[in-house]
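In case you want the letters, here they are:
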Amino acid sequence: MIAELDAINLYEQMSNLTKNEEIRIILLDIARQEKIHVAMFETVLLQTDKEFLKIYGDYALARK
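Here's what I pulled together on the structure shown here. Keep in mind that this is a model prediction, so the values were computed, not measured. (Residues numbered from 1 in each chain as written. Predicted model: local features only at pLDDT ≥ 70, side-chain atom pairs only at ≥ 80, totals over all residues. Heavy atoms only, no water.)

Examining the side chain of S15
Turning to its location among the elements, S15 is positioned in helix α1 (residues 2–17). Sequence-distant contacts of S15, defined by excluding residues within four places in its chain, comprise R24, L27 and L28. (Helix = DSSP H or I, 4+ residues; strand = E, 2+ residues; numbered from the N terminus. Contact = heavy atoms within 4.5 Å.)

Below you can see the structure in the form of structure tokens.
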């Protein structure tokens, strides 16, 4: 998951540095795909790791 988050950061930073709109759109699309990967990992954790599910639930409830 860390690698996916790092990739999102990298692609978004690169998109901010380019002046080419076509390249910027491509980089942001790649970043979006990496976000999907993070969501996939998180879904698996929520489905298989009871401790993670509890922490996730406790954190979400605390933010209301």
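Next comes the rest of the description.
Some words on the packing of α1 against helix α2 (residues 21–48)
Two numbers describe how α1 lies on α2: the axes approach to 8 Å, and their chain directions differ by 165 degrees. The orientation of α1 with respect to α2, classified from their angle, is roughly antiparallel. For the crossing formed where α1 meets α2, the hand is left-handed. Residues E4, L5, A7, I8, Y11, E12, M14 and S15 of α1 form the contact with α2, whose participating residues are R24, L27, L28, I30, A31, E34, K35, H37, V38 and F41. (Axes fitted to C-alpha atoms, helices over the stretch in contact; angles between N-to-C directions. Parallel < 35°, antiparallel > 145°, perpendicular 65-115°, else oblique. Left-handed = near helix turned anticlockwise from the far one by under 90°.)

Notes on the packing of α2 against helix α3 (residues 50–62)
For the pair α2 and α3, interaxial distance at closest approach is 6 Å and the crossing angle is 105 degrees. The angle between the axes of α2 and α3 places the two elements in the roughly perpendicular class. Here E42, L45, L46 and T48 of α2 lie close against α3, whose contacting residues are K50, F52, L53 and Y56. Split by residue class, the contact of α2 with α3 holds five nonpolar, one polar and two charged. (Nonpolar A, V, L, I, M, F, W, Y, C, P; charged D, E, K, R; others polar.)

As for α3
A rise of 1.5 Å per residue sets the reference length of α3, with its 13 residues, at 18 Å; its end C-alpha atoms lie 18 Å apart and thus fit the reference within 8%. Across the 13 residues of α3, zero count as buried, placing the element largely on the outside. One side-chain oxygen of the residue at the start of α3 lies 3.0 Å from the amide nitrogen of E51, identifying that residue as D49. (Expected span 1.5 Å × (residues − 1). Buried < 20%, exposed > 50% of the residue type's maximum accessible area, 1.4 Å probe, protein only. Polar contact = N/O pair within 3.5 Å; in protein donor to acceptor, adjacent residues only side chain to side chain.)

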